[in-house]
Amino acid sequence: MRGDVRGARASSERGARLCQKLQRGAQGQARAPVDTMTKSRLFRLWLALGSAFMLLLIIAYWDNMRPAHFHLHTALSRPHALKPLPSPNSAPGDVFTSSLEIWESFIRERQGPLLSKRVEQPSLPASSKPVLGNLEESVRGYDWSSHAAQQSADPDARQAERRSVLRGFCANDSFVFPTKERSFDDIPNYELNHLIVDDRHGVIYCYVPKVACTNWKRVMIVLSQSLSDQGTPYRDPLDIPREYVHNSSTHLTFNKFWRRYGKFSRHLMKIKLKKYTKFLFVRDPFVRLISAFRSKFELENEEFYQKFAVPMLKRYSNHTSLPASVSEAFSAGLRLSFATFIQYLLDPHTEQLAPFNEHWRQVHRLCHPCQIDYDFVGKLETLDQDAAQLLRLLKVDKLLQFPPSYRNRTASSWEEGWFAKIPLAWRQQLYKLYEADFVLFGYPKPENLLRD
């Protein structure tokens, strides 16, 4: 009897242990999917963190990376080899692609489809050389005849001197002017709209109105292939219609980077500024002012008449009732005088309303030469020779020629006549207004205009 009881107890205990084992097995099976899900989430988390870490490494060390296939340079003594522009029948793989372009594509993909593509330019009808009337040709100073560039014993030495003067005064603490001390990061985005970028050849051009900028913009369009005629990129700069040359949508400029790259835009600008060849062309500041006045107020320009001439005539010439259009004003013999234009520039009230128009804004405010280390500084006074030298340095002289240049006119022959009726005090104030451009770009102080 007792044996039967002990057997029953043992059997009961074995059953209880079996039940416990079954319960633990069931709990383990329930936990298994949870453990699998947890491991999967942890894996995805570490993958995301690893990707972010690698992205930060790329951003942090990109400036120091020098891959062999990065076809860019920083010194004029080591220009990069440029491939010829692809023919219309070239395969996509024939087009030059740099590491920077791959990096840009990587960023654009992560910014969404709306920013992933550059806006394509519409096909435009072909155009021949501009047909100008005698007055317009005289005012604009075009010369379509071919002529040899002025020769210099050592253009490389002259270029080195220009860059040395510019860098020297930017580093000189005793020479000060507004905005000189700010960093590149301090420059507002809207002030970077004159820096045109060609990613195909690694070139950045800061255009200065009234310094052959129309033709340099044409060159940049041909190099970057940003405009086409019936699907074929332009190859001759003079075939590009003037109205499209100055269309802001034609060019990729630094101020458009924020819309394309977002928070990465400034860093990409700095990469391009370090790797690309940067150039600008300048001109005697007073002669540039005269040229701007002539082209915008001696020709019938409706936009400049309404926006600038009418307010100037009302404010400084006491005109209360003015013709509705520029053609009516010219027919009535009513034109803005150069003296009134100078008075407008010197009036402190002018820039309280809005910054100077780009045609008479100082070059250092357009191109920021103390924040951007330009590789090449050309001058309109030596345009033919400088243009030929620059195209050789960029190794694109076999692909295109710079369009025929402006006629050579000496600064003194312009200035003395135009400033003869401007009061001495105004001339002295005007020099102070443009002094930084005179000094930075090596133009002599016009002493003959600044003393009795």
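Calculation rules
- Residues numbered from 1 in each chain as written.
- Predicted model: local features only at pLDDT ≥ 70, side-chain atom pairs only at ≥ 80, totals over all residues.
- Heavy atoms only, no water.
- Helix = DSSP H or I, 4+ residues; strand = E, 2+ residues; numbered from the N terminus.
- Areas by Shrake-Rupley, 256 points an atom, 1.4 Å probe, with all protein chains shown as cover.
- Core = buried A, V, L, I, M, F, W, Y, C linked by side-chain atoms within 4.5 Å.
- Buried < 20%, exposed > 50% of the residue type's maximum accessible area, 1.4 Å probe, protein only.
- Contact = heavy atoms within 4.5 Å.
- Disulfide = S-S within 2.5 Å.
- Polar contact = N/O pair within 3.5 Å; in protein donor to acceptor, adjacent residues only side chain to side chain.
- pLDDT = per-residue confidence, 0-100.
- Salt bridge = Lys/Arg side-chain N within 4 Å of Asp/Glu carboxyl O.
- Expected span 1.5 Å × (residues − 1).
- Bend = angle between axes of the 7 residues up to and from the residue.
- Phe/Tyr/Trp six-rings, centres within 6.5 Å; stacked < 30°, edge-to-face > 60°.
- Lys NZ or Arg CZ within 6 Å of the ring centre and 35° of its normal.
- Pairing = 2+ DSSP bridges.
- Axes fitted to C-alpha atoms, helices over the stretch in contact; angles between N-to-C directions.
- Left-handed = near helix turned anticlockwise from the far one by under 90°.
- Nonpolar A, V, L, I, M, F, W, Y, C, P; charged D, E, K, R; others polar.

(A) Region of the structure containing the overall build of the protein chain. What the protein chain contains, in helices and strands, is 17 helices and six strands. Total accessible area on the protein chain is roughly 24,200 Å²; 54% of this is exposed by carbon and sulfur atoms.

(B) Structural detail: the nonpolar core. In terms of nonpolar packing, the biggest core is built from 103 residues, with Trp216, Phe254, Phe297, Phe341, Leu345 and Trp360 touching the most fellow members. Broken down by element, the residue count for this core peaks at eight residues, all from helix 10 (residues 302–316). In contact with phenylalanine 254, other than residues within four places in its own chain, are Phe184, Asn189, Leu192, Leu195, Val197, Ile204, Met269, Lys272 and Leu273.

(C) Fine view of the state of the cysteines. Overall, the coordinates contain two disulfides when judged by the stated rule. In this model cysteine 170 forms its disulfide with cysteine 370; the gap between the sulfur atoms is 2.0 Å. Its S-S torsion of about -85 degrees marks the bond between cysteine 170 and cysteine 370 as left-handed, since a negative value means left-handed. Separated by 200 residues along the polypeptide, cysteine 170 in helix 4 (residues 155–171) and cysteine 370 in the loop between helix 14 (363–367) and strand 6 (376–379) bring together distant segments of the chain. Since its relative accessible area comes to 23%, cysteine 370 is described here as partly exposed. Across the disulfide, cysteine 206 is cross-linked to cysteine 367 (sulfur-sulfur distance 2.0 Å). Taking the sign of the S-S torsion, about -90 degrees here, the bridge from cysteine 206 to cysteine 367 comes out left-handed. Separated by 161 residues along the polypeptide, cysteine 206 in strand 2 (residues 203–206) and cysteine 367 in helix 14 bring together distant segments of the chain. Under the relative-accessibility criterion, cysteine 206 is labelled buried at 0%. The exposure class of cysteine 367 is buried, given its relative accessible area of 0%.

(D) Molecular detail of the side chain of histidine 364. Summarising the element assignment, histidine 364 is placed in helix 14. Note on histidine 364: relative accessible area 7%, which makes it buried. At 3.0 Å, the side chain of histidine 364 and the side chain of aspartate 437 are in polar contact. In this view, histidine 364 contacts Phe177, Pro178, Thr179, Pro369, Ala436, Asp437 and Leu440; residues no more than four positions away in its chain are not counted.

(E) Layout of the confidence of the model for the protein chain. Per-chain confidence: the protein chain averages 79 in pLDDT, with 67% of residues scoring 70 or above. Counting interchain partners and residues more than four positions distant, the pLDDT-below-50 stretch residues 60–97 has 72 contacts. Predicted confidence is poor over residues 109–134, with pLDDT under 50, and the contacts of this stretch with residues over four places away or in other chains come to 42 contacts.

(F) The arrangement of unusual backbone geometry in detail. If you check the backbone angles, lysine 210 has positive phi at about 75 degrees while not being a glycine. Structurally, lysine 210 can be placed in the loop between strand 2 and helix 5 (213–224). Although it is not a glycine, asparagine 318 adopts a positive phi angle of roughly 60 degrees. Among the structural elements, asparagine 318 can be located in the loop between helix 10 and helix 11 (326–331). Accessibility expressed as a relative area gives 66% for asparagine 318, which makes it exposed.

(G) Just the pattern of salt bridges, in detail. According to the stated counting rule, one finds eleven salt bridges in the structure shown. One salt bridge connects glutamate 191 with arginine 182, and the closest N-O pair in it is separated by 2.6 Å. One salt-bridge network, in which partners are shared between bridges, spans Arg158, Arg162 and Asp386.

(H) Fine view of helix 17 (residues 424–440). The terminal C-alpha atoms of helix 17, which comprises 17 residues, lie 24 Å apart, in line with the 24 Å expected from a rise of 1.5 Å per residue. The sharpest bend along helix 17 measures roughly 60 degrees and falls at tyrosine 434. Elements that come into contact with the buried residues of helix 17 comprise helix 4, helix 9 (285–298), helix 12 (338–346) and helix 14. Positive phi appears at glycine 442, one or two residues downstream of helix 17, with a value of about 75 degrees.

(I) Representation of the packing of aromatic side chains in the model. Taken as a whole and assessed by the stated rule, the structure comprises 29 aromatic pairs. Relative to phenylalanine 175, the ring of phenylalanine 169 has its centre 5.6 Å away and its plane inclined at 70 degrees; by these criteria the two rings are edge-to-face. We note lysine 217 situated over the ring of tyrosine 207; from NZ or CZ to the ring centre the distance is 3.8 Å. Positioned above the aromatic ring of phenylalanine 330 is the side chain of arginine 335, whose terminal nitrogen or guanidinium carbon lies 4.0 Å from the ring centre.

(J) Geometry of the sheet that holds strand 1 (residues 195–198). Reading across from one edge, 1-2-5-6 is the order of the four strands in this open sheet, with mixed pairing throughout. The open sheet has two edge strands, strand 1 and strand 6, and neither has a second partner. The sheet shows a mean angle of 20 degrees between the axes of neighbouring strands, taken without regard to direction. Of the strand pairs in this sheet, strand 1 and strand 2 are connected by four bridges, and their pairing is antiparallel.

(K) Representation of the packing of helix 9 against helix 12 within the structure. Relative to each other, helix 9 and helix 12 sit at 115 degrees, their axes nearing to 11 Å. Note that helix 9 runs across helix 12; the crossing there is right-handed. Taken together, the residues of helix 12 that come into contact with helix 9 (itself represented by Leu289, Ile290, Phe293 and Phe297) are Phe338, Phe341 and Leu345. For the contact of helix 9 with helix 12, the class distribution of residues is seven nonpolar, no polar and no charged.

(L) Quick look at helix 10. Taking 1.5 Å as the rise per residue, helix 10 with 15 residues should run 21 Å; its terminal C-alpha atoms sit 20 Å apart, in good agreement. Approximately 35 degrees is the largest bend angle found in helix 10, and it occurs at alanine 309, with the proline proline 311 only one to four residues beyond. The complete set of buried residues in helix 10 reads Phe304, Tyr305, Phe308, Ala309, Val310, Met312, Leu313 and Tyr316. Residues of helix 10 that are buried sit in contact with helix 9, helix 11, helix 12 and helix 13 (348–353). Two or three places before glutamate 303, at the start of helix 10, stands the capping residue asparagine 301, its side-chain oxygen 3.2 Å from that residue's backbone nitrogen. Looking at the residues trailing helix 10, positive phi occurs at asparagine 318, about 60 degrees.

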